[in-house]
Amino acid sequence: MAVGEDAGSASAETPGRHAVSVLLAFGKCLGALLPVYLAGYFGLSLCFVVLGLVVYLGWRQHRDGKQARLNTAMYVLENERDFTTTRLFRSRRDLPAWVNFPDVEKVEWLNKILQQAWPFVGQYLEKLLVETIAPTIRTSSAHLQTFSFTKVDLGDKAVKVVGVKAHTEHDKRQVLLDLYISYAGNVEINVEIKKYFCKAGVKGIQLHGKLRVILEPLIGDVPLVGAVTMFFIRRPKLDINWTGLTNLLDIPCLNAMSDTMVMDAIASFLVLPNRLTVPLVADLHVAQLRSPLPRGIVRIHLVEAENLAAKDTFIKGVIAGKSDPYAVLRVGTQTFTSHHVDNNLNPQWREMYEVIVHEVPGQELEVEVFDKDPDQDDFLGRVKLDLGLVKESRVLEEWFTLKDAPSGKVHLRLEWLSLLPSAERLNEVLQKNQNLTVSSKTPDPPSAAILTVYLDQAQDLPMKKGNKDPSPVVQLSVQDTTKESRTVYGTNNPVWEDAFTFFIQDPRKQDLDIQVKDDDRSLTLGTLSVPLSRLLSSTELSMDQWFQLDNSGPASRIYMNAVLRVLWLNEEPTSPVSPDLSVPFPGEGEDDVIKTVTHRGPSVSPTPTRPQHTSPDSSFGTEGVLRIYLVEAQDLVAKDSFMGGMVKGKSDPYVKIRVGGLTFKSRVIKENLNPVWNELYEVILTQLPGQEVQFDLYDKDMDQDDFLGRFKLSLSDLISAQYIDQWYTLNDVKSGRVHLMMEWLPKVSDPARLEQILQYQSQQSYVNKAVPSAAVLFIYMEQAHGLPLKKSGKEPTAGVELSLRNTSHRTKLANRSASPRWDEAFCFLIHDPREDIVSVKLSHGWGQPLGAVVLPVREILAEQALVLDRWLTLDGALPESQILIRAELKLLDSKLAQCASGSNGTSEVEHVIPTADTVPATNQELRHRTVQGGGVAGDSGRGQVKVTIAYSTEENRLVIIIHACRNLPPCSKDGSDPYVSFLLQPDKNRSTKRKTSIKKRDLNPEFNERFDFDLSLEEATQRRLDLSVKNSVSFMSRERELIGKLHLDLNQLDLKAGVPQWYDLTKETS
């Protein structure tokens, strides 16, 4: 019975469903006929009906095509290996990158992880859209108050990485990865605005492109990488299937516009020169990672073309004509168009362009040639060239065959311009540029330099009328070129973090003009003009500082980093080359990119002359030297014990210092909780964000050494302070502190300072027998020429070994050549430039000698600016065997050496500066003495205070830093609760009175507190510092309040030096 009822109900449902389908079909027919009826009812022309039908058919065709492409892409990604081995792939360009290119690796393990995690990515995205983005959209406009996401589904198709290529050969401080991304997903995201009954969404997305990921800087601490930067070198391919109201975007003409708008939004922050940077450690210059200095500049000479295709015809094609060709050149977002030449198949343009290259390898030059027509221009061919080839060749002049055209060649001369961080060759560059001629189409002369401006922030900008916050925007101009920052709304302390690059023809005559305006561009908030000649006299041609704004508020200022780089063309000797298209570049649609070169014989063209000078990278010679003086420690924890712990002993302490991948170990001092080491260490460091200097103390034992404490110091803080003399409390233990003196040594190129530096050096004595370095030597090994062949007659695999005393460095082994190239830099610490000698030895595979040269450092002292840059003849080789070397000597001018040179040649130097009360009036000069052990209590018995008094010319303010006190007398049986109070006299209103925090029960307190005063330099020199160290007491207490005083006339100090000093405290004077 039940079976019969089920059968009956099923038969009843079948006619019902059929009836519904018939009604739906009838409704669709009425819907299709409705526009025709309405057109007739309102008396409209039949053309409107036909037009609507055409639009619908176009939309339907485009819609079906998108869906078919999406289905095909998803199927290909799921069955990649099957497709790779079947007949469907008929050409190499259709194969995935990992098949054609062995250096592109498959990462199936990564794809499995992405596929496994994809549902959870979808959950996170849904939560982000519904809980964060939707409320923000609803509050942004009254019309969007009913906005909501009705569906968020990423589907089951994860992003796939079809190949990864790693570049580690270009920069040892970074890891560079190219990820070939392919995403064909059944994502579905729907939105609704209930107020207007509006629904829209996306159902299916395709995205294919090459994503570059840069891991930099590499640091010596967890997480080993300072930041992750990612971007697309070229615009990725994007295809979106719209739903709902956004279906209108698939209408012909609108579809291209919508895809372009979406792609522009992506490109605005993820396509070069834009980058997405995610910092992983603190104290990173994110703006400089997001907008680093360019890799170089390529100067493009568009010379001519020949044998172009004829596109013009007459009498409806009966008579063949010629063409009116012009060229379009593209490098990333930089586009240039030449003038067109009328009626010529062999045009001569003779035009020059300069382009900024942000990434090599990767960025390409694309040249397309067109025929100029009144309606639509005809395509005459294209050529693509990887700019890494130009960097390798330095100068590349060739005829390039046009692709996708029946005939035609284009003649290009491409020059790679290196960025030099010094102005030594500026005059030579300007002289060369005067000899270059360009056509009237490009009247600007060649650039001699580039200027990069990192615009960081501004402070205390003036308010708008009505005391309203402005919305500042900055306009930067150099000559006729003006660029504009983004607008920061509703603040007078804006942070932009934008970067701009300008081409400079003559930095001696041009200025950087800055205008800070409100967003309506009518109200000027401040102006600034910086002559570029100031940069020429700055260290490494850069200024990283605050600038006071003109025509603005009294405290209005702007912070930026301006970097100038001279453009140097090194026409080095290279074998004549021609492009080779036999190996395509990885990636879809890139198989015509010229990536490799084929060497011709010497009969093709004469060999260019050899360069007379090296062309090192802009980072050459930027390392610095950190000097660490380990003085002593106090109150260490006792770890040794006897008789099973019944008798307490002491400790045998030593220190491990870790910095820059190196470890230094002090000597062990037996049974001492207050050891004095008096040891010196020096290390050459590259200035990388996040670096630290770590100090670990241990108790030396027979078995395992016991831990006595540790502390870390930020290298960036040390570099900012330049010199530090301070006690540091040990962490992770009950007690203990360490006394250190550390200095980031200034580098100078003045030979006159050498004698004073060596004199100071000879006066120093350290227990570990260390000798302070007088200089640092930077050596750049570029190339060799005419090396002898191996015994077998083959070209050698040459390497260079450099030695100085007990330190040696080796280059990589170059490719087989009698004229090898290394392009490697090294550095050495020099104790005495008059006696030290560098030995340079060349060998084949570190075996068979190929020649040697001895370079006495004293020869560099005789060179201009202490730079030797030339070819040196090799001994023990062929007569023509030479090597091209650049050697730069930088003297290490310690501030202590400067102070010692001004102390009338006293043999003993100490860091304590007696106050004016204890020094006779006939001898008011400052005396500096080196501490050889513990602290000095001072003659008065009142202890000492450590103070830095400096005047900042950039900020126009006086800076006073209260560092610490030591050896203060106790004011009660419990010690003292000290603090420091001071006043700048004369000050009737006591507006300059300041005081530090209170340190409880501490006779050696550390404050490290800074106080700023807005005074001119003239006003500051007329003030006197009245400083008191006091004991914090209650109102009814009988304890003594004043501990000691200090009086200093600021006109007796070198305010620009700003060196921290210890001063004796005295009793209160009447």
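Residues numbered from 1 in each chain as written. Predicted model: local features only at pLDDT ≥ 70, side-chain atom pairs only at ≥ 80, totals over all residues. Heavy atoms only, no water.

(A) Main features of the overall build of the chain. In terms of helices and strands, the chain carries 15 helices and 56 strands. Buried positions account for 47% of the 1070 residues belonging to the chain. Across the chain, every contact between residues at least 6 apart in sequence was considered, and the portion connecting residues at least 24 apart equals 65%. Accessible area for the chain stands at about 53,200 Å²; split by element, carbon and sulfur atoms hold 53% of it. (Helix = DSSP H or I, 4+ residues; strand = E, 2+ residues; numbered from the N terminus. Buried < 20%, exposed > 50% of the residue type's maximum accessible area, 1.4 Å probe, protein only. Contact = heavy atoms within 4.5 Å. Areas by Shrake-Rupley, 256 points an atom, 1.4 Å probe, with all protein chains shown as cover.)

(B) Fine view of a nonpolar patch on the surface. The grouping of Leu 276, Val 278 and Leu 280 at the surface amounts to a nonpolar patch, some 220 Å² of accessible area in total. Tracing the chain through its elements places Leu 276 in strand S7 (residues 276–279). (Patch = residues over 30% accessible without salt bridge, like charges linked within 9 Å, V, L, I, M, F, W, Y side chains within 5 Å. Salt bridge = Lys/Arg side-chain N within 4 Å of Asp/Glu carboxyl O.)

(C) Main features of the sheet that holds strand S37 (residues 723–729). Across the sheet, which stays open at both edges, the four strands sit in the order S34-S29-S38-S37 with antiparallel pairing between neighbours. Two strands close off the open sheet at either side, each with one partner strand: strand S34 (676–685) and S37. The average undirected angle you get between the axes of adjacent strands in this sheet is 20°. (Pairing = 2+ DSSP bridges. Axes fitted to C-alpha atoms, helices over the stretch in contact; angles between N-to-C directions.)

(D) Structural detail: the packing of aromatic side chains. The full count for this structure, using the stated rule, is 16 aromatic pairs. Between Phe 147 and Phe 149 the ring centres are 5.3 Å apart and the planes differ by 85°, which places this aromatic pair in the edge-to-face class. Just as Phe 147 is buried, Phe 149 falls in that class too. Between Phe 664 and Tyr 681, the aromatic rings sit 5.4 Å apart at their centres with planes inclined by 35°, giving tilted as the arrangement. Of this pair, Phe 664 sits in strand S33 (residues 662–665) while Tyr 681 sits in strand S34, placing them 17 residues apart in sequence. We classify Phe 664 as buried; its relative accessible area is 18%. Directly above the aromatic system of Tyr 326 lies the positively charged group of Lys 372, at a separation of 5.8 Å from the ring centroid. The ring of Tyr 698 has Lys 656 lying over it, and the distance from NZ or CZ to the ring centre is 5.8 Å. (Phe/Tyr/Trp six-rings, centres within 6.5 Å; stacked < 30°, edge-to-face > 60°. Lys NZ or Arg CZ within 6 Å of the ring centre and 35° of its normal.)

(E) Structural view of the sheet that holds strand S23 (residues 524–531). The strand order S20-S19-S22-S23 describes an open sheet built from four strands, whose pairing is antiparallel. The open sheet has two edge strands with one neighbour each: strand S20 (481–484) and S23. Neighbour-to-neighbour, the strand axes of this sheet turn through a mean angle of 15°, independent of strand direction. In terms of strand pairing, strand S22 (residues 511–518) meets S23 through seven bridges, oriented antiparallel. In the strand pairing of S23, Asp 513 is matched with Ser 529.

(F) Spotlight on the pattern of salt bridges. Within the structure shown, the criterion is met by 43 salt bridges. With a closest N to O distance of 2.5 Å, Asp 696 and Arg 658 form a salt bridge. Of this pair, Asp 696 sits in strand S35 (residues 692–699) while Arg 658 sits in strand S32 (residues 653–659), and the two are 38 residues apart along the sequence. In this structure, Lys 700 and Asp 705 form a salt bridge, with 4.0 Å as the shortest nitrogen-oxygen distance.

(G) Quick look at the pairing of strand S13 (residues 348–357). Burial analysis of S13 places eight of its ten residues in the buried class, the great majority of the element. The sheet contact formed by strand S8 (residues 296–306) and S13 spans eight bridges and is antiparallel. Paired with Arg 299 across the bridge in S13 is Glu 354.

(H) The arrangement of the environment of Val 867 in detail. Turning to its location among the elements, Val 867 is positioned in strand S46 (residues 867–873). Note: C-alpha distance between Val 867 and Ser 749 (118 residues apart in sequence) is 9.1 Å. If we skip the residues at most four places from it in the chain, Val 867 touches Glu 424, Ile 860, Arg 886, Ala 887 and Glu 888.

(I) Helix H9 (residues 426–434), seen in detail. For H9, the full list of buried residues reads Leu 426, Val 429, Leu 430 and Asn 433. Looking straight down H9, one finds its buried side chains confined to an arc of 100°; they lie on one side. (Arc of directions from axis to C-beta.)

(J) Local environment of helix H12 (residues 754–762). Burial in H12 covers these residues: Leu 754, Ile 757, Leu 758, Tyr 760 and Gln 761. On an axial view of H12, the arc spanned by its buried residues comes to 160°, and they lie on one face.

(K) Region of the structure containing the confidence of the model for the chain. Put simply, the chain has an average pLDDT of 79, and 78% of its residues get 70 or more. The lowest-confidence element of the chain is strand S48 (residues 912–913), averaging 37 in pLDDT; the highest-confidence one is strand S19 (residues 472–478), averaging 94. This stretch, residues 87–94, has a pLDDT under 50; its non-local contacts, to residues over four places away or in other chains, come to ten contacts. Of the regions scoring below 50 in pLDDT, residues 573–591 engages in 63 contacts with residues more than four places distant in sequence or in other chains. (pLDDT = per-residue confidence, 0-100.)

(L) Structural context of the side chain of Ser 773. Relative to the helices and strands, Ser 773 is located in the loop between H12 and strand S40 (775–785). For Ser 773, a relative accessible area of 3% translates into the label buried. With residues up to four places along the chain from it excluded, the contact list for Ser 773 reads Arg 627, Glu 682, Gln 761, Leu 829, Ile 830, His 831 and Leu 892.

(M) Representation of the pairing of strand S14 (residues 364–371) within the structure. Counting buried positions over the eight residues of S14 gives eight, a clear majority of the element. In this sheet, S14 lies alongside strand S11 (residues 325–331) in antiparallel orientation, the contact comprising six bridges. From the neighbouring strand, Arg 330 faces S14, where its bridge partner is Glu 366.

(N) How the structure looks around the side chain of Asn 433. With respect to the helices and strands, Asn 433 occurs in helix H9. Of the residues examined, Asn 433 reaches a relative accessible area of 10% and is grouped as buried. In contact with Asn 433, not counting residues within four places along its chain, are Arg 299, Pro 446, Ser 447 and Ala 448.

(O) Spotlight on the environment of Val 767. For Val 767, the position within the fold is in the loop between H12 and S40. Placed 88 residues apart in sequence, Val 767 and Glu 679 show a C-alpha to C-alpha distance of 5.6 Å.

(P) Molecular detail of unusual backbone geometry. The peptide bond linking Glu 216 to Pro 217 adopts the cis configuration, its omega dihedral lying at -10°. Geometrically, the link from Gln 985 to Pro 986 is a cis peptide bond, its omega value of -5° lying close to zero. With respect to the element layout, Pro 986 can be found in the loop between strand S51 (978–985) and strand S52 (994–995). For Arg 1001, which is not glycine, the phi torsion reads 45° and is therefore positive.

(Q) View of the environment of Phe 547. Here Phe 547 is to be found in strand S24 (residues 542–548). Judged by its relative accessible area of 5%, Phe 547 is buried. Distance in space between the C-alpha atoms of Phe 547 and Ala 458 is 9.2 Å, their sequence separation being 89 residues. Excluding anything up to four places from it in sequence, Phe 547 contacts Leu 528, Val 530, Arg 534, Arg 557, Ile 558 and Met 560.

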